[in-house]
Structures are given as structure tokens and as C-alpha cells.
Amino acid sequence: MTNVKVNIFISHAPEDKAAADRLVEWLYPMRDEVNVWHYNPPQKHAELPLSWKLLLPWYRPLDPRISYAETQKNRRENAHIYIFLTSYKSLNNQQVEDDLSLAISRRVDCAWEDLAPLVIPLAIGPSRWKEASRLAQFEALVGGLPISSFPQPDEGYLMATEQIAALVKVVQVKINEARFFYDFPADAEKGLIPKAHYLPYLGENPTQFDFNFPPAFRPPDWMGWSLIALILTISIGSYRRIHPAVSSLHLNARPDKDYQPEYPRQPLVPPPDTLEIIFPPVE
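Source: prediction; values computed, not measured.

**Things to note about the nonpolar core**
Then, number 1: Ranked by internal contacts, the top residues of the largest apolar core, which has 50 residues, are Ile8, Leu23, Ile83, Leu85 and Leu122.
Then, number 2: For this core, the leading source of residues is helix α6 (residues 153-183), giving 7 residues.
Then, number 3: Aside from chain neighbours lying at most four places away, what touches Leu23 is Ile10, Ile83, Leu85, Leu122, Tyr157 and Ile164.

Listed below in C-alpha cells is the structure:
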């Protein structure tokens, strides 16, 4: 049985994305044990050049942000560890508040306390999060010290990474134990696993977290204008070939009452009486 990866979701304000990217870089060596996600939506595809708008007026490119939002929803709802980057900007961010409400509700709905998702604050800058945020009830990384307070910020990221790695080992052991019990119903019937309103992610359908960026249809502008020139050339050439014949039919057409003159005909002369006519024999 392979180990289940621990899902880590980093919640942050848009202004703190650089700090989230930095933390993801520090956690990258743990990629075989964890999935690390944060808000990193793709950009909307650029519009087609004018030439291709003329050639394909009905074409509307797919918005990759729609499929990304669906994938991100699955990630948020199946995280084992929530890390909240706290700053004065995150205190007023509605998305962070929604993530915190989701994480707390999942902790409450999980009847098995050992499998409840962890909610962990990580201060990246000075703020009043201990007084103005519900995160104050949870133990913070790096002793609650802001990353910006370290002489070298990398020292703070290193300390946070080491603490996260220790938590990941503990969470992974619990998840693997739970998965083992659920794979063997006989053990579950003995009461080893309580009935829960909510069960954590135990490795089912890992492909639901994969986001495949749809390729953009972006042909070069010169190719579009070349196709337009080719279409116009063919159309004009065909019109010129057809136009003289069509105009000749209209200009040289005869009136309705202008009849064709009859050719002179010689009267039929009866054959002479002395001419013997031999008919073929009748079979």
C-alpha cells in the first residue's frame, strides 16, 4: 500500500502571493510526500488577432479560470493541513475568511479528532491577527513571529519548513492507519473507527487535484491575413471568369417575339412510275 500524500493548502491574500510562492519553493523538496496548493489562477487567454476574428467570427476560446476554479474547490475541500499567511491585508480579505470558515467547519464535522484537518497560522508581517482573527485560537508556526522580523527572511522560512515537515510525518502516519482500517471492514466492525459526519481524504481519486492548462488557440496574425488574401484572390479570379459569359447572355439575349428565320426548303417530287421499288423480304 503506497503512502497517501498529505494535502497542504496555503490561504493568503492576493497581495501576499509572493510570500506564498516563496513558501512553496521551500516545501518543494517534500513533493513526494505532500501536495502543496495555493492561489495561482491562470490568465485569461488573449483575444484572437483581427484577421482571425474575421475568419472565425463564431469562435470563443475556453476560459481556463473556470476549470481552475473547479480544481481549486476540490483542493480546498480535501486538504489535511491549512496554512494561513497572516498579515494586515489578510485580515480584510474575504477569501481568507471563507477558507478559515471551511477549515473550522471541517474540523468540527470530523468525529475522529486525530484525522481532523490542521489549521496553522504563519505570520509573514506585523498585524493584529491575534486580536482580530479567529486564527488566534490555533498555534502558529515559528512561535508566532512574523517572517519579516528575521534578519534574513530565509531563516524564518527554514524554521517554518522544518515544523511543517514534522507535522506532515505525524499526519501521514494517521492517514495511512485510517486508510488501512477502512480497507479492512472487519476491523471497522470492531469499533476501531467511529462513525463520522466527515471523513478526510484517504487517497481516493488523486486525479481530481490535477489542473491541465488548456492550450490556447493563437495562430500568427500574418497567417490569417494570408488566408484572407488567398480567399479574395480566388473569389475575384472566379468572378472574372464567369462574368463575361454571364454578361454576354444578358446583353445578347433576343426578345421574346424574335423568332429564328426558316431555311428555304425544296418541295418533294414523287418518284417516277418506272422506278421499281424493291422492299426487303419479310422474315
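**Let's talk about the sheet that holds strand β2 (residues 34-37)**
Then, number 1: Spatially, 4 strands are ordered β2-β1-β3-β4 in an open sheet, and the strand pairing comes out parallel. A strand with exactly one partner marks an edge of an open sheet, and here the two such strands are β2 and β4 (118-123). Adjacent strand axes in the sheet meet at a mean angle of 20°, parallel and antiparallel pairs treated alike.
Then, number 2: In terms of strand pairing, strand β3 (residues 81-86) meets β4 through 6 bridges, oriented parallel. Bridged to Ile83 within β4 is Ile120.
Then, number 3: Together, β1 (6-11), β2 and β3 form the strand contacts of helix α3 (residues 64-77), whose direction differs from that of β1 by roughly 110°.
Then, number 4: Packed onto the sheet, helix α4 (residues 94-109) meets β1, β3 and β4 and runs at close to 150° relative to β3.

**Re the pattern of salt bridges**
When the charged atoms of two side chains with opposite charge come close together, those side chains can pair.
Then, number 1: Throughout the structure, instances matching the rule amount to 6 salt bridges.
Then, number 2: Across the pair Asp21 and Lys17 runs a salt bridge, and its minimum N-O distance is 3.0 Å. With Asp21 and Lys17 both in helix α1 (residues 17-27), this residue pair falls 4 residues apart, about one helical turn.
Then, number 3: A salt bridge links Asp99 to Arg76; its shortest N-O distance comes to 2.7 Å.

**Re the packing of aromatic side chains**
Then, number 1: Considering all chains together, one arrives at 3 aromatic pairs under this definition.
Then, number 2: Here Phe9 and Tyr82 contribute two aromatic rings whose centre-to-centre distance is 6.4 Å and whose plane-to-plane angle is 65°, an arrangement assigned as edge-to-face. Residue Phe9 is found in strand β1, and its partner Tyr82 is found in strand β3; the two are separated by 73 residues along the sequence.
Then, number 3: Aromatic pair Tyr82 and Phe84: ring centres 6.4 Å apart, planes at 25°, arrangement stacked. Note on accessibility: Tyr82 and Phe84 belong to one class, buried.
Then, number 4: Site record: aromatic cluster; members linked through ring pairs are Phe9, Tyr39, Tyr82 and Phe84.

Conventions used here
Residues numbered from 1 in each chain as written. Predicted model: local features only at pLDDT ≥ 70, side-chain atom pairs only at ≥ 80, totals over all residues. Heavy atoms only, no water. Core = buried A, V, L, I, M, F, W, Y, C linked by side-chain atoms within 4.5 Å. Buried < 20%, exposed > 50% of the residue type's maximum accessible area, 1.4 Å probe, protein only. Helix = DSSP H or I, 4+ residues; strand = E, 2+ residues; numbered from the N terminus. Contact = heavy atoms within 4.5 Å. Pairing = 2+ DSSP bridges. Axes fitted to C-alpha atoms, helices over the stretch in contact; angles between N-to-C directions. Salt bridge = Lys/Arg side-chain N within 4 Å of Asp/Glu carboxyl O. Phe/Tyr/Trp six-rings, centres within 6.5 Å; stacked < 30°, edge-to-face > 60°.

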